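Listed below are the residues making up each chain.
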Amino acid sequence: QVQLVESGGGLVRPGGSLRLSCAASGIIFSNYAMGWYRQAPGKQRELVASISSGPTTTYANSVKGRFTISRDNDKNTVYLQMNNLSPEDTAVYYCNAEGRYVWNRRNTYWGQGTQVTVSS
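Each residue is numbered by its place in its chain's sequence as written, counting from 1. Reporting of local features is limited, given that this is a predicted model, to residues whose pLDDT is at least 70; pairs of side-chain atoms are given and counted only at 80 or more, and all residues count toward the totals for whole chains, interfaces and linings. Each side-chain value is worked out from all heavy atoms of the structure, with water and hydrogens disregarded.

Student: Hey, could you go over the sheet that holds strand S3 (residues 18-25) for me, with residue numbers and the actual values?
Tutor: Read across the open sheet, the 4 strands follow the order S1-S3-S8-S7; overall the sheet is antiparallel. A strand with exactly one partner marks an edge of an open sheet, and here the two such strands are strand S1 (3-7) and strand S7 (67-72). Averaged over all pairs of adjacent strands, the angle between strand axes in this sheet comes to 15 degrees, irrespective of strand direction. Alignment of S1 against S3, held across 5 bridges, turns out to be antiparallel. Opposite glutamine 3, over in S3, you have serine 25 as the bridge partner. Think of it this way: DSSP has to see at least two bridges between two strands before they count as a pair. Each helix is a run of H or I in the DSSP string that is no shorter than four residues. Each strand is a run of E no shorter than two, and both are numbered from the N terminus. Lines fitted to C-alpha atoms define the axes here, with helix axes fitted over just the stretch in contact, and angles between the N-to-C directions of these axes take values from 0 to 180 degrees.

Student: Please provide a residue-by-residue account of the packing of aromatic side chains, values included.
Tutor: Pairing of aromatic rings covers Phe, Tyr and Trp, the last through its six-membered ring, and needs centres within 6.5 Å; plane angles under 30 degrees mean stacked, over 60 mean edge-to-face, and all others mean tilted. Under the counting rule described, the total for this entry stands at 2 aromatic pairs. An angle of 65 degrees between the planes, with centres 4.9 Å apart, marks the rings of tyrosine 37 and tryptophan 110 as edge-to-face. Of the two residues, tyrosine 37 is situated in strand S4 (residues 33-39) and tryptophan 110 in strand S10 (residues 108-110); the sequence distance between them amounts to 73 residues. Tryptophan 110 gets classed as partly exposed once you look at its relative accessible area, which sits at 38%. Either the NZ atom of lysine or the CZ atom of arginine qualifies as a charge over a ring when it sits within 6 Å of the ring centre and within 35 degrees of the ring normal. Positioned over the ring face of tyrosine 94 is arginine 45, at 3.8 Å from the centre of the ring. Residue placement shows arginine 45 over the ring face of tryptophan 110; its charged tip is 4.7 Å from the ring centre. Exposed residues in this analysis have more than 50% of their type's maximum accessible area, buried residues have under 20%, and partly exposed residues fall in between, with area computed by a 1.4 Å probe over protein chains only.

Student: Account for unusual backbone geometry, naming residues and giving values.
Tutor: At the junction of glycine 54 and proline 55, the peptide bond is cis and its omega measures out at 5 degrees in the coordinates. Positionally, proline 55 belongs in the loop between strand S5 (46-51) and strand S6 (57-59). Phi at asparagine 84 takes a positive value of approximately 50 degrees, unusual for a residue other than glycine. Note on placement: asparagine 84 falls in the loop between strand S8 (77-82) and strand S9 (91-98). Residue asparagine 84 is classed as partly exposed on the basis of its relative accessible area of 47%. For tryptophan 103, which is not a glycine, the phi torsion comes out positive at approximately 50 degrees. When its relative accessible area of 83% is taken as the criterion, tryptophan 103 is described as exposed.

Read these as layout, nothing more, since geometry by itself doesn't imply function.
Set out below in structure tokens:
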């Protein structure tokens, strides 16, 4: 029932830009904090950026100033604008939704991931 569907990944040259989108269904979107994670080969999954329902935002130091996360609650969609991309940004990018804590637990959902490859 709950689905997070990413789109916008692909191949881009160093210095280029991509905009990722994640469309959510099956949840009350405005009640969830949204985030983007990425996982490169041989590395652990890491948080790239997050945005609360407020909305307040956080960014990994490695992407600060280059990436921008935003959300459109009317469209149930979260975006990640990625500028000045470098090969180190190559990874599978995953959309994440986290609900409110209830009895010290919260619902967490993940998208299927979209590949971003930065190469000359």
